[in-house]
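A closer look at the structure
One letter stands for each residue in the lines below.
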Amino acid sequence: MQGPSAIALRQGGQGGALKYKVGVQVVVTIANGGPPPAAWKRKTTLQEAFGEFGQVLEIHTQEDGTAIVEFEDKRDALDASETMNGKKIAGVNVSVEVRQDGAGRGSVRTGIDDRITEMAHRHQLDATSTARLISAFRDRGRRGCNLDHDIKLLSDHLAASNKPSALVCMKLADLRDGKPIGPCRYVHGKDDDKRDDGARGGGEDRRPQDRNRDRESQRDKKQEKTRSRSRRHSREEDRERDRKGDRDRSKERRR
């Protein structure tokens, strides 16, 4: 199976500036309007149904029961919609049609792809994470998200993370589902000891209870050092008294 990551790797190469290919989308819905079958959650189910018509770039299922199958070639998408419309997939009748986007939509999407690619290059994302991020932002575009705002927020998170590719993988599901990204609380360039590890939410501040525990631990360590120095000083005083007593007894014997 050829997914978007494999295609991006083949076209752009590891670490190169890659271009995510814009295909033609086929919209698959339940004919009677019922809920999607559980089998649709496995992308292999739709891949098996539509893969024979041509190269599939991406498959995405939505919570409302709609599935998006994106073909590389428009002729393959037309063949798939004509053949599969009214047929059964995983036991349910489906309606299949080619998505008719407004004029100029392809150029807009290409512009977003370019911006994501540039952001990925700036934050040194690997090729796989870049391809996944482009795919996720295309999903957000379909859901009507404010992509300009989202790109700015995500760029802040990536700048604050020392493992940006891992951060993308961690946030990928939420990005695809159109969930808010939220502002990054960490300001890049200030107080480096607060940097996140890429797997803790992209540079967000540590919770107050964590900081309190750290302060208590440091206070306990200081108190233990103080007690240790006090015990050491006491032992040295005892040894000095013993040595002085020995010297006094030696003098008495010599007399």
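Calculation rules
- Residues numbered from 1 in each chain as written.
- Predicted model: local features only at pLDDT ≥ 70, side-chain atom pairs only at ≥ 80, totals over all residues.
- Heavy atoms only, no water.
- Helix = DSSP H or I, 4+ residues; strand = E, 2+ residues; numbered from the N terminus.
- Buried < 20%, exposed > 50% of the residue type's maximum accessible area, 1.4 Å probe, protein only.
- Contact = heavy atoms within 4.5 Å.
- Areas by Shrake-Rupley, 256 points an atom, 1.4 Å probe, with all protein chains shown as cover.
- Expected span 1.5 Å × (residues − 1).
- Polar contact = N/O pair within 3.5 Å; in protein donor to acceptor, adjacent residues only side chain to side chain.
- Pairing = 2+ DSSP bridges.
- pLDDT = per-residue confidence, 0-100.
- Salt bridge = Lys/Arg side-chain N within 4 Å of Asp/Glu carboxyl O.
- Axes fitted to C-alpha atoms, helices over the stretch in contact; angles between N-to-C directions.

**Observations regarding the overall build of the protein**
Along the protein, the regular secondary structure elements total eight helices and five strands. Shown N-terminal to C-terminal, the secondary structure of the protein runs as helices and strands in the order α-β-α-β-β-α-β-β-α-α-α-α-α. Out of the 255 residues belonging to the protein, those deemed buried represent 37%. Considering only contacts within the protein whose residues lie at least 6 apart along the sequence, 67% involve residues at least 24 apart. In the form shown here, the protein has an accessible surface area of approximately 15400 Å², with 46% of it arising from carbon and sulfur atoms.

**Here we look at helix α5 (residues 127-142)**
Under the 1.5 Å per step criterion, the end-to-end length of α5 is 23 Å for 16 residues, consistent within 8% with the ideal 22 Å. By the criterion of burial, α5 is predominantly enclosed, with 13 of the 16 residues buried. Where α5 begins, the capping side chain belongs to Asp126, and its oxygen is found 3.3 Å from the backbone nitrogen of Thr128.

**With respect to the pairing of strand β3 (residues 67-71)**
Buried residues dominate β3, accounting for five of its five residues. Of the two faces of β3, both are covered, the one formed by Ala67, Val69 and Phe71 as well as the one formed by Ile68 and Glu70. Pairing analysis gives five bridges linking strand β1 (residues 24-30) to β3, with the strands arranged antiparallel. Paired with Val28 across the strands is Ala67, a residue of β3.

**Looking at unusual backbone geometry**
Phi angles above zero are rare outside glycine, and Ala90 is one such case at about 55°. Residue classification places Ala90 among the partly exposed positions, given a relative accessible area of 43%. One non-glycine residue, Gln124, lies in positive phi territory at about 60°. Following the sequence through the fold, Gln124 ends up in the loop between α4 (105-122) and α5. We classify Gln124 as exposed; its relative accessible area is 69%.

**A word on the confidence of the model for the protein**
Fine structural detail should not be taken from predicted coordinates in areas where pLDDT scores are low. With 75% of its residues at a pLDDT of at least 70, the protein reaches an overall mean of 75. Looking across the protein, the model is least confident in helix α1 (residues 4-12), with a mean pLDDT of 44, and most confident in helix α3 (residues 74-84), with 92. This model gives residues 102-108 a pLDDT under 50, and the stretch forms two contacts once residues within four places in sequence are excluded. Note on residues 189-206: pLDDT is under 50 here. Beyond four places in sequence and across chains, it has 44 contacts.

**Things to note about the pattern of salt bridges**
In the structure shown here, the tally under the stated rule is eight salt bridges. Arg138 serves as the salt-bridge partner of Glu70, at 2.3 Å between the closest nitrogen and oxygen. With a gap of 68 residues between them, Glu70 in strand β3 and Arg138 in helix α5 connect regions that are remote in the sequence. A relative accessible area of 1% places Glu70 in the buried class.

**Some remarks on the sheet that holds strand β2 (residues 56-61)**
Strand order in the open sheet formed by five strands is β2-β3-β1-β5-β4, and the pairing between neighbours is antiparallel. A strand with exactly one partner marks an edge of an open sheet, and here the two such strands are β2 and β4 (88-89). Inspection of the sheet shows β4 paired to strand β5 (residues 92-98) by two bridges, in the antiparallel sense. For Lys88, the partnering residue across the bridge sits in β5 and is Asn93. Sitting on the sheet, helix α2 (residues 43-50) touches β1, β2, β3, β4 and β5, and the angle it makes with β2 is about 135°.

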